[in-house]
Amino acid sequence: MSVPRELFERMWPHWLGLTTRQGDEADLLTEDVVLEMPFARPGGPARVEGREEVLAFVTPRRAALPARLDGVRCLAVHETADPDVIVVEYEITGTSALTGRRASLPFVGVLRARDGRVALWREYQDTAGIARALGLG
């Protein structure tokens, strides 16, 4: 298994709240990791740089998410010419705490590994679809 693929699979428990040990997640990230969200909601950052900054950004947002995330299903992993980079198509399933509706939403991520850690995570999300699934829009 490739290092980027293994890192992607190790990210899931943090997304799903199966582990809340921030130190474990910090160990997955390079000190200068970059989180990019090209389709970020208006007013939200499209780029966060640095391990501490990324964790400070994602941790409270996960805690405030009005949903219970149930699973991640990997649809496809695309290897690239660079062995440190993969493109991943995946779905996250969950249940809205506001409506009780269950939904499955598609995502695409680009992961770059360096020295066995995530150096770049670029995530393409359907932010309008997420809002609708949560009952927010």
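Rules used throughout
Residues numbered from 1 in each chain as written. Predicted model: local features only at pLDDT ≥ 70, side-chain atom pairs only at ≥ 80, totals over all residues. Heavy atoms only, no water. Helix = DSSP H or I, 4+ residues; strand = E, 2+ residues; numbered from the N terminus. Contact = heavy atoms within 4.5 Å. Areas by Shrake-Rupley, 256 points an atom, 1.4 Å probe, with all protein chains shown as cover. Lys, Arg positive; Asp, Glu negative; His and termini not counted. Charge placed at Lys NZ, Arg CZ, Asp CG, Glu CD. Phe/Tyr/Trp six-rings, centres within 6.5 Å; stacked < 30°, edge-to-face > 60°. Buried < 20%, exposed > 50% of the residue type's maximum accessible area, 1.4 Å probe, protein only. Salt bridge = Lys/Arg side-chain N within 4 Å of Asp/Glu carboxyl O. Pairing = 2+ DSSP bridges. Axes fitted to C-alpha atoms, helices over the stretch in contact; angles between N-to-C directions.

So what about the overall build of the chain? Which residues, and what values?
Helix and strand content of the chain: four helices and six strands. In sequence order, the chain lays out its α and β elements as α-α-β-β-α-β-β-β-β-α. Dimensions of the chain, computed from the C-alpha atoms along their principal axes, are close to 40 × 30 × 30 Å. Within the chain, counting contacts between residues at least 6 apart in sequence, those at least 24 apart form 51% of the total. For the chain, the exposed surface amounts to about 7,600 Å²; the carbon and sulfur share of it is 53%. Taking the average place of the 17 positive charges on the side chains of the chain and the average place of its 20 negative ones, the gap between the two points comes to 6 Å.

Help me get a handle on the packing of aromatic side chains, residues and values and all.
Within this structure, the stated rule accounts for nine aromatic pairs. Arranged with centres 5.3 Å apart and planes meeting at 10°, the rings of Tyr90 and Phe107 form a pair that is stacked. Residue Tyr90 is located in strand β4 (residues 85–96), and its partner Phe107 is located in strand β5 (residues 102–114); the two are separated by 17 residues in the primary sequence. Residue classification places Tyr90 among the buried positions, given a relative accessible area of 0%. Through successive ring pairs, a cluster of aromatic residues spans Phe8, Trp12, Trp15, Tyr90, Phe107 and Trp121.

Kindly report on the pattern of salt bridges, identifying the contributing residues and their values.
If you walk through the whole model with that rule in mind, you get 10 salt bridges. With a shortest N-O distance of 3.0 Å, Arg68 and Asp70 are connected by a salt bridge. In this structure Arg68 comes out as exposed when scored by relative accessible area, which is 53%. On the accessibility criterion, Asp70 (32% relative accessible area) is partly exposed. Its salt-bridge partner being Asp70, residue Arg102 comes within 2.3 Å of it at the nearest N-O pair. You can see Arg102 sitting in strand β5 and its partner Asp70 sitting in strand β3 (residues 67–79), a full 32 residues away along the chain. Taking the relative accessible area as the measure of exposure, Arg102 reaches 55% and is therefore exposed. Residues joined in a network through salt bridges with shared partners are Glu36, Arg47, Glu49 and Arg122.

Could you give an account of the sheet that holds strand β2 (residues 47–49), naming the residues involved and the relevant values?
On the basis of which strands lie adjacent, the open sheet formed by six strands has the order β2-β1-β6-β5-β4-β3 and mixed pairing. With partners counted over all chains shown, the strands left at the sheet margins are β2 and β3, one partner each. Recorded for the sheet is a direction-independent mean angle of 20° between the axes of neighbouring strands. Pairing analysis gives 11 bridges linking β3 to β4, with the strands arranged antiparallel. Bridge pairing links Arg68 to Thr95 in β4. With respect to the sheet, helix α1 (residues 3–15) is in contact with β3, β4, β5 and β6 (117–125), its orientation differing from that of β4 by roughly 15°. Across the face of the sheet, helix α3 (residues 51–64) comes into contact with β1 (29–36), β2 and β6 while running at roughly 50° to β1.

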